[in-house]
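Chains, contacts and geometry: an overview
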Amino acid sequence: MRRRISFTQRSNKVEVGFIQETKLTCFSEKLARSFWGSSDVEWTACNSEGASGGMVVLWKKDSLVVNYRLIGSGYVRINISWKGISVNLVNIYAPCSISLRRVLWKNLVDRRAKGLNEEWCLGGDFNEITRSEERLGGGANHNRKGMKDFREFIERMGVVNIPCVGGRFSWFKDNGKAMSRIDRFLVSNNLIEDWGVIDQRIGTRDVSDHASIRLFCSEFYWRPKPFRFNNAWLKHEDFKDFICKECASLKIEGRGDFILFEKLKQLKNRVRSWNREIFGWEDLKVSKEVEKINAMDLLIKEKFGDNVENLVLERKDATSEFWKHLHVKESMLRLKSRQLWLKEGDKNTRFFHNSIKERQRRNVILVVEGEEGRVEGVQEVKNEVKNNFEKYFNELDFGRAVPESMDFATLSDN
């Protein structure tokens, strides 16, 4: 088993590893090296009680800035600093008892509430599923209360159940009559974006009844972003004049359809530049207007009783600018999230951000099944898709009748 784990770590270039149920009463440096496959490793372990339990977090030596380490009931947690952010990496081994799992969920949620600015990455054996489709066999009547508790735990922790690739289930009963997806990673939205998290992948299993889970991070570049019209542009007072001016400045000769195509093509790039200049920093503009309003409030307070009419007018203008930028920002988020059923003016930016990210994760294609197995990588997937469609749309070379030596009525030049 150690050799298998070591091979998985080296072949997949793992940076941090979570292992559950080590069944080791004392985790030594020698064991850490055997699991990692080299001496370049650091770890934090929770020893087993007898022949059951035990957890360990392994990571590449000097690759993490570890602030502190904590061992709790059902988890091992290390807190690290990453690009100025406090991040909690938590190895989970949840108990089988639903009541004990509730205690574990509560402990983690309470800790989450104390560090609102911290990010979380939880991984391991949660011994629970989020919906009935994640279990097969072993009795159809799974405890729905446990599933509900787990879903509420995920929501309260502010983490995301990332899409899974490679298989539906991560645990299999010895007789093969029951299987479920009780192992997974749950990651904060900000970490998903900063780390470039793509998906989590269920690997193959051998002697263990659990399959390995790998959190896959990458930044693939598929294609240039398509041009999309933003409804917020129509609310800007200079937009129509800008379009008219730019269209008039474009001098193109040729057929009418060619002129239209080329004008739209060039106009698209100019609108992109205009959008970056006008709408590119809406978050910053909102923050600046808030600072200006607060500064005006302090000045009005200091000069109370004096002539502060000019300050009041400046504050009124700043408030107007604040609401204008805020409405533009919400309109852009609403358009990107495609949640069109919400009424204009509804404010829930966190919901829009989560909707945008969830749609992006749902739509991305990272792996396809080809004729020779699984295909990964941007160019490889593109080639596989191209070859697949070429196979179906290539025209067979066969003889067909050709109308030679036949006279047809034609239109004259007149």
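Described below are features of the structure shown in this document. Remember, it's a predicted structure, so these values are computed and weren't measured experimentally.

1. Topic: the nonpolar core
In this structure, Ile 78, Leu 89, Cys 121, Phe 185, Val 187 and Leu 215 are the most contacted members of the largest nonpolar core, which totals 23 residues. For this core, the elements supplying multiple residues, two or more each, are strand 3 (55–60), strand 5 (75–82), strand 6 (85–93), strand 13 (183–188), helix 5 (189–195), strand 14 (197–202) and strand 15 (213–217). For Val 187, the residues in contact, after removing those within four places along its chain, are Trp 120, Cys 121, Val 159, Val 160, Ile 162, Ile 192 and Leu 215. One finds Ile 92, Leu 108, Val 109 and Phe 153 within the second-largest nonpolar core, a separate group that totals 17 residues.

2. A few points about the environment of Cys 96
Along the chain, the position of Cys 96 falls in the loop between strand 6 and helix 3 (98–114). Classification of Cys 96 as exposed rests on a relative accessible area of 66%. It is 9.0 Å that separates the C-alpha atoms of Cys 96 and Phe 126, two residues lying 30 residues apart in sequence.

3. Things to note about the packing of aromatic side chains
On inspection of all chains with the given rule, the structure shows 11 aromatic pairs. Between the aromatic rings of Phe 18 and Phe 185, the centroid separation amounts to 6.1 Å while the plane-to-plane angle is 40 degrees, which identifies the pairing as tilted. Of the two residues, Phe 18 sits in strand 1 (residues 16–20) while Phe 185 sits in strand 13, which places them 167 residues apart along the sequence. The two residues Phe 18 and Phe 185 agree in class, both being buried. Between the aromatic rings of Trp 82 and Trp 195, the centroid separation amounts to 6.1 Å while the plane-to-plane angle is 90 degrees, which identifies the pairing as edge-to-face. Linking Trp 82 in strand 5 with Trp 195 in helix 5, this pair joins segments that are 113 residues apart in sequence. Overall, Trp 82 belongs to the partly exposed group, its relative accessible area being 23%. Taken together, the ring pairs in this structure connect Trp 105, Phe 126, Phe 150 and Phe 153 into an aromatic cluster. Against the face of Phe 216 rests Arg 201, its NZ or CZ located 3.8 Å from the ring centre.

4. With respect to the sheet that holds strand 14
Spatial ordering of the open sheet is given by 10-14-15, a layout of three strands whose pairing is mixed. Bordering the open sheet on either side are strand 10 (164–165) and strand 15, each of which pairs with just one other strand.

5. Some details on helix 3
For helix 3, built from 17 residues, the straight-helix expectation of 24 Å at 1.5 Å per residue is met to within 8% by its first-to-last C-alpha distance of 25 Å. Listed in full, the buried residues belonging to helix 3 are Arg 101, Leu 104, Trp 105, Leu 108, Val 109 and Arg 112. Relative to the axis of helix 3, the buried residues are bounded by an arc of 130 degrees and lie together on one face. Residues Lys 106, Ala 113 and Lys 114 are exposed on helix 3 and point more than 90 degrees away from its buried face. Contacts made by the buried residues of helix 3 are with strand 5, strand 6, strand 7 (119–125) and helix 4 (144–157).

6. Overview of a nonpolar patch on the surface
A cluster of nonpolar side chains, namely Val 385, Phe 389, Tyr 392 and Phe 393, defines an oily patch on the protein surface of about 490 Å² accessible area. In this fold, Tyr 392 is placed in helix 11 (residues 378–393).

7. Remarks on the packing of helix 3 against helix 4
Where helix 3 contacts helix 4, the two axes come as close as 10 Å, and the packing angle between them is 10 degrees. Comparing their axes, helix 4 and helix 3 come out roughly parallel. Side by side, helix 3 and helix 4 meet where Ile 98, Arg 102, Trp 105, Leu 108, Val 109 and Arg 112 of the first sit next to Lys 145, Gly 146, Asp 149, Phe 150, Phe 153, Arg 156 and Met 157 of the second. Residue composition of the contact of helix 3 with helix 4, grouped by class: seven nonpolar, one polar and five charged.

8. Considering the sheet that holds strand 2 (residues 41–46)
Spatial strand order, 1-3-2: three strands in an open sheet with antiparallel pairing. Of all strands in the sheet, those with a lone pairing partner are strand 1 and strand 2, marking the two edges. Averaged over all pairs of adjacent strands, the angle between strand axes in this sheet comes to 15 degrees, irrespective of strand direction. Bridging between strand 2 and strand 3 involves six bridges; their strand directions are antiparallel. Across the sheet, the residue bridging to Ala 45 is Val 56, located in strand 3.

9. Some words on the environment of Met 296
With respect to the secondary-structure elements, Met 296 resides in helix 8 (residues 282–302). In sequence terms Met 296 and Glu 314 are 18 residues apart; their C-alpha atoms lie 7.6 Å from each other. Once residues within four sequence positions are removed from consideration, Met 296 is found in contact with Leu 311, Glu 314 and Arg 315.

10. Here we look at the side chain of Thr 22
Checked against the element boundaries, Thr 22 lands in the loop between strand 1 and helix 2 (29–36). Sequence-distant contacts of Thr 22, that is, excluding residues within four places in its chain, are made with Gly 53, Gly 54, Met 55 and Val 56.

11. Here we look at the pairing of strand 3
Most of strand 3 sits out of view: five of its six residues are buried. As defined by bridge partners, strand 1 adjoins strand 3 across five bridges and the pair is classed as antiparallel. In the strand pairing of strand 3, Phe 18 is matched with Val 57.

Scoring rules and cut-offs
- Residues numbered from 1 in each chain as written.
- Predicted model: local features only at pLDDT ≥ 70, side-chain atom pairs only at ≥ 80, totals over all residues.
- Heavy atoms only, no water.
- Core = buried A, V, L, I, M, F, W, Y, C linked by side-chain atoms within 4.5 Å.
- Buried < 20%, exposed > 50% of the residue type's maximum accessible area, 1.4 Å probe, protein only.
- Helix = DSSP H or I, 4+ residues; strand = E, 2+ residues; numbered from the N terminus.
- Contact = heavy atoms within 4.5 Å.
- Phe/Tyr/Trp six-rings, centres within 6.5 Å; stacked < 30°, edge-to-face > 60°.
- Lys NZ or Arg CZ within 6 Å of the ring centre and 35° of its normal.
- Pairing = 2+ DSSP bridges.
- Expected span 1.5 Å × (residues − 1).
- Arc of directions from axis to C-beta.
- Patch = residues over 30% accessible without salt bridge, like charges linked within 9 Å, V, L, I, M, F, W, Y side chains within 5 Å.
- Areas by Shrake-Rupley, 256 points an atom, 1.4 Å probe, with all protein chains shown as cover.
- Salt bridge = Lys/Arg side-chain N within 4 Å of Asp/Glu carboxyl O.
- Axes fitted to C-alpha atoms, helices over the stretch in contact; angles between N-to-C directions.
- Parallel < 35°, antiparallel > 145°, perpendicular 65-115°, else oblique.
- Nonpolar A, V, L, I, M, F, W, Y, C, P; charged D, E, K, R; others polar.

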